[in-house]
Amino acid sequence: AFNGKHEPRCGTCYSNGSGCGNEFRSESPMGRKFLIDSLKFWVNEYKVDGFRFDLLGLIDTPTVEILAKEMRKIDPNIMIYGEPWTGG
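What you are looking at is a predicted structure, and each value in this text was computed from that prediction instead of being measured.

What counts as what
Residues numbered from 1 in each chain as written. Predicted model: local features only at pLDDT ≥ 70, side-chain atom pairs only at ≥ 80, totals over all residues. Heavy atoms only, no water. Helix = DSSP H or I, 4+ residues; strand = E, 2+ residues; numbered from the N terminus. Expected span 1.5 Å × (residues − 1). Buried < 20%, exposed > 50% of the residue type's maximum accessible area, 1.4 Å probe, protein only. Arc of directions from axis to C-beta. Contact = heavy atoms within 4.5 Å.

Points about helix H1 (residues 29-46)
(1) Moving on: The end-to-end C-alpha separation of H1 is 25 Å, in line with the 26 Å expected for 18 residues at 1.5 Å each.
(2) Moving on: What H1 keeps buried is the set Gly-31, Leu-35, Ile-36, Ser-38, Leu-39 and Val-43. Projected down its long axis, H1 carries its buried residues within an arc of 155 degrees, all on one side. For H1, the exposed residues set more than 90 degrees away from the buried face come down to Pro-29, Met-30, Phe-34 and Glu-45.
(3) Moving on: Buried residues along H1 sit against strand S1 (50-53) and helix H2 (61-74).

Structural notes on H2
(1) Moving on: Taking 1.5 Å of rise per residue, 14 residues should cover 20 Å, and H2 covers 20 Å from first to last C-alpha, within 8% of that figure.
(2) Moving on: For H2, the full list of buried residues reads Thr-63, Leu-67, Ala-68, Glu-70 and Met-71. Considered in projection along H2, the buried side chains sweep an arc of 165 degrees and stay on one side of the axis. With respect to the buried face of H2, the exposed residues turned more than 90 degrees away are Glu-65, Lys-69 and Lys-73.
(3) Moving on: Turning to H2, the residues buried within the fold contact H1, S1 and strand S2 (79-82).

Here it is in structure tokens:
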């Protein structure tokens, strides 16, 4: 079980910062890659020009910064925004 909001997330502990269930581990290398690759696909294939993230506060800051930088390489005018809280 998750023993506090400052405990690192791992494969054997669970975090429910949203109050809606387990969170996505965005700080893991494959989690980060999955997010960025998915957004790149949607921008390139479907010409999506913006993203709104529910509970953006649950995605780690370095991942958000990287994904914003990567999206702006494709479209400098892309809009990325989200809820600034975690919900829980």
